[in-house]
Amino acid sequence: MKLASIQAAESKLLLQTYERNPILFVSGHDVYLRDEQGHDYLDLLSGIGVSALGYSHPAIEEAILRQSTRLLHTSNLFYHEGTANLALRLTEISGLDRVFFCNSGTEAWEAALKLARSHARVLSAKGQQIGTKFLAMEHSFHGRTMGAVATTHKAKYREPFGPVMSGVEFVRFNDVDDLRAKFSKDVCGICIEPIQGEGGIHPVSQEFFAAARELCDSTGALLIADEIQSGLGRTGTWFAYQHYGILPDITAIAKPIAGGIPMGAMLCTDEAALGFTPGQHGTTFGGGPLACAVAIAVLDEMQREDMLAHIREVGDFFKSKLQELAKRHDCVVDVRGMGLMLGLELNSADLAKQVASQMMERRIIINRTSETVLRFLPPYILERKHVEDAVNALDEILKDLAAYAGTASVGEQAHG
Ligand SMILES: Cc1ncc(COP(=O)(O)O)c(C=O)c1O
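Reading guide: rules and limits
Residues numbered from 1 in each chain as written. Predicted model: local features only at pLDDT ≥ 70, side-chain atom pairs only at ≥ 80, totals over all residues. Heavy atoms only, no water. Helix = DSSP H or I, 4+ residues; strand = E, 2+ residues; numbered from the N terminus. Buried < 20%, exposed > 50% of the residue type's maximum accessible area, 1.4 Å probe, protein only. Contact = heavy atoms within 4.5 Å. Areas by Shrake-Rupley, 256 points an atom, 1.4 Å probe, with all protein chains shown as cover. Lys, Arg positive; Asp, Glu negative; His and termini not counted. Charge placed at Lys NZ, Arg CZ, Asp CG, Glu CD. Phe/Tyr/Trp six-rings, centres within 6.5 Å; stacked < 30°, edge-to-face > 60°. Near = heavy atom within 4 Å. Polar contact = N/O pair within 3.5 Å; in protein donor to acceptor, adjacent residues only side chain to side chain. Nonpolar A, V, L, I, M, F, W, Y, C, P; charged D, E, K, R; others polar. 1 Å grid on protein atoms, 1.4 Å probe; cavity = no way out; pocket = protein on both sides within 12 Å on 5 of 7 lines; lining within 4 Å. Points joined across faces, edges and corners; volume = space filled by probe spheres on them. pLDDT = per-residue confidence, 0-100. Core = buried A, V, L, I, M, F, W, Y, C linked by side-chain atoms within 4.5 Å. Pairing = 2+ DSSP bridges.

For the rest of this paragraph, the subject is the overall build of the protein. Secondary structure summary: the protein contains 14 helices and 17 strands in total. C-alpha extents for the protein along the principal axes are approximately 75 × 55 × 45 Å. A buried classification covers 52% of the 416 residues belonging to the protein. In the protein, 72% of the contacts between residues at least 6 apart in sequence involve partners at least 24 apart. Total accessible area computed for the protein in this model is approximately 19100 Å², and 53% of it derives from carbon and sulfur atoms. Of the side-chain charges in the protein, 39 are positive and 51 negative, and the distance between the mean point of each set is 3 Å.

Right under this line is the structure:
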């Protein structure tokens, strides 16, 4: 099927939840995606932070092939070889004790919320004073299921589905006074993205994260870190919370874990894990043999190639190039992020939209988040030469748009 007929069919057959770019990808290699006409696109988004090892990576292909000839699914009623292996690897790199496997970010987040509530019930049963309320952050994004939307700040993601789960109060991100004012013994969990992704690539401050940890410790509430976008190497450490030296009680991960095969996981301490007893939570597909085998292959490859060091090195280079760009263009408001999770904030939503679409015309994939922020979540295997190509393209586009805006305003004056 060609692009036009697929577009026509989708418009009749699919729920219209996405505004797709009019491009039909048929294959991918390294950091490039190829369309049906054979054009290669430099991918600086990696399927929104998923394709960490790029495309057609031999380690992933080999793991899929090997596992697909042995066993795809058993259900969680039986054992298979992958789950404990992968859980061991994840607990070693995270500093947490236990893992619940699922299939997506929002499902991992949902597990985290349920665990925090049931853990609070365990504490209450022991006579401790603790409630069921969550503190979540302004500009947060945690997913699309009901608990996730209730803890997501943006009204457009939450309000059409009301009444959403009650007992959530939003705190101004990085405002320690607001956090302290809203925290009480009614709170069972504080929800934090160590780097807000959809919110515009905003890292949490050391002071705020430390205050959240201290408040949770004072009552037995759980500190819940959403690392669905920032976790598993994206920022140059396995988890973004490791930049801060703060260990949450629960973290949720997903996107890059199995290199493009759907998988999510919730990791937690032994103490938090007391919240779930057999039968209280589950999922049919979670932690299946295929996803586990591929996730282990991804972790093996990342460790073999010392990919965290590579992410830090290329990420620092990328950030420095964006900072140079910021000096040359007045329209750049800020450069933020860590490792290969970077944002370039421009001074207008319209400009950011034009830049993202002109990058696409030049076959470089980025996206725009929070209206004015160009977001970069490239595959971890990105090299300096790709960064140079992308930043040169950005430089040219910003120059052209500035020249055009200058001409337009001169033209307007002439007419006036
Ligand atoms: C921080 C964060 N949390 C949760 C989610 C939801 O993940 P999923 O789309 O896999 O459900 C996302 C997805 O973009 C995310 O970035």
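Under the counting rule described, the total for this entry stands at 6 aromatic pairs. When the centroid spacing of 5.3 Å and the interplanar angle of 70° are considered together, the rings of Phe 141 and Tyr 157 count as edge-to-face. Of this pair, Phe 141 sits in the loop between β5 (133–137) and α6 (146–150) while Tyr 157 is found in helix α7 (residues 155–158), placing the two residues 16 residues apart along the sequence. Using a relative accessible area of 14% as the deciding quantity, one classes Tyr 157 as buried. Aromatic pair Phe 209 and Tyr 244: ring centres 5.3 Å apart, planes at 85°, arrangement edge-to-face. With a gap of 35 residues between them, Phe 209 in helix α9 (residues 206–219) and Tyr 244 in the loop between β10 (222–226) and β11 (250–253) connect regions that are remote in the sequence.

The omega torsion across Gly 162 and Pro 163 is -5°, close enough to zero to call that bond cis. Mapped onto the elements, Pro 163 comes out in the loop between α7 and β6 (168–171). Positive phi is not limited to glycine here, since His 139 has a value of about 70°. Of note, His 139 is situated in the loop between β5 and α6. For Asp 306, which is not a glycine, the phi torsion comes out positive at approximately 45°.

Turning our attention to the site of the ligand. Lining the immediate environment of the ligand, one finds Ser 104, Gly 105, Thr 106, Phe 141, His 142, Gly 143, Glu 193, Glu 198, Asp 226, Ile 228, Gln 229 and Lys 255. In this structure, Gly 105 approaches the ligand through a main-chain N or O atom, which is 2.8 Å from an oxygen atom. Phe 141 places a main-chain nitrogen or oxygen 3.4 Å from a nitrogen atom of the ligand. Here the ligand has 390 Å² of accessible area as a free molecule, and 83% of this is covered by the chains. A class-by-class count of the residues in the shell around the ligand yields 2 nonpolar, 6 polar and 4 charged.

All right, on to the layout of surface pockets then. Considered as a void within the structure, the second largest pocket measures approximately 560 Å³ in volume. Lining the second largest pocket are 19 residues, with Arg 98, Val 99, Phe 100, Phe 101 and Phe 276 positioned closest to its centre. Of all the secondary structure elements, the ones that give two or more residues to the lining of the second largest pocket are α4 (82–94), β4 (98–102) and β12 (264–268). The leading source of residues in the lining of the second largest pocket is β4, at 4 residues.

Within the secondary structure, His 310 sits in helix α12 (residues 307–328). A C-alpha to C-alpha distance of 9.1 Å links His 310 and Gly 339, two positions 29 residues apart in sequence. The residues touching His 310, leaving out its near neighbours within four places in the chain, are Gly 315, Tyr 380, Ile 381, Leu 382 and Glu 383.

Confidence in the prediction for the protein averages 96 pLDDT; 98% of positions are at 70 or higher. In the model, residues 410–416 has pLDDT below 50 throughout and makes 0 contacts with residues more than four positions away in sequence or in other chains.

Soluble globular proteins: nonpolar side chains tend toward being buried together. Within the largest apolar cluster, 129 residues are counted, with the highest numbers of intra-cluster contacts made by Leu 90, Ile 190, Phe 318, Leu 322, Val 355, Leu 374 and Phe 376. Once you skip the residues sitting within four places of it in the chain, Val 355 turns out to touch Leu 346, Leu 374, Leu 394, Ile 397, Leu 398 and Leu 401.

Turning next to the pairing of β12. Counted residue by residue, β12 has 5 buried out of 5 residues, so it is predominantly covered. Side chains Gly 264, Met 266 and Cys 268 of β12 all project onto a buried face; the interleaved residues Ala 265 and Leu 267 project onto the opposite face, where all are buried too. As defined by bridge partners, β11 adjoins β12 across 4 bridges and the pair is classed as antiparallel. Directly across from Ile 253, in β12, lies its bridge partner Ala 265.

Before going further, it helps to spend a moment on the environment of Arg 363. Structurally, Arg 363 can be placed in the loop between α13 (349–361) and β15 (364–365). By relative accessible area, which is 33% here, Arg 363 ends up partly exposed. A sequence separation of 158 residues divides Arg 363 from Ser 205, and the C-alpha atoms of the two residues are 35 Å apart. The contacts of Arg 363, once residues within four sequence positions are left out, are His 39, Asp 40, Tyr 41 and Leu 42.

This part takes up the sheet that holds strand β1 (residues 25–29). Strands sit in the order β1-β2-β3-β15 across an open sheet of 4 strands; the sheet is mixed. Lying at the two open borders of the sheet, with one neighbouring strand each, are β1 and β15. Direction of pairing for strand β3 (residues 40–43) relative to β15: parallel, over a ladder of 2 bridges. For Leu 42, the partnering residue across the bridge sits in β15 and is Ile 364.

Going through the model one piece at a time under the given rule, you end up with 1 cavity of 30 Å³ or more. In this structure, the largest cavity encloses a volume near 40 Å³. Looking at the largest cavity, the residues that line it are Ala 52, Leu 232, Pro 256, Ile 257, Val 298, Leu 299, Met 302 and Tyr 380. For the lining of the largest cavity, the per-class residue count stands at 8 nonpolar, no polar and no charged.

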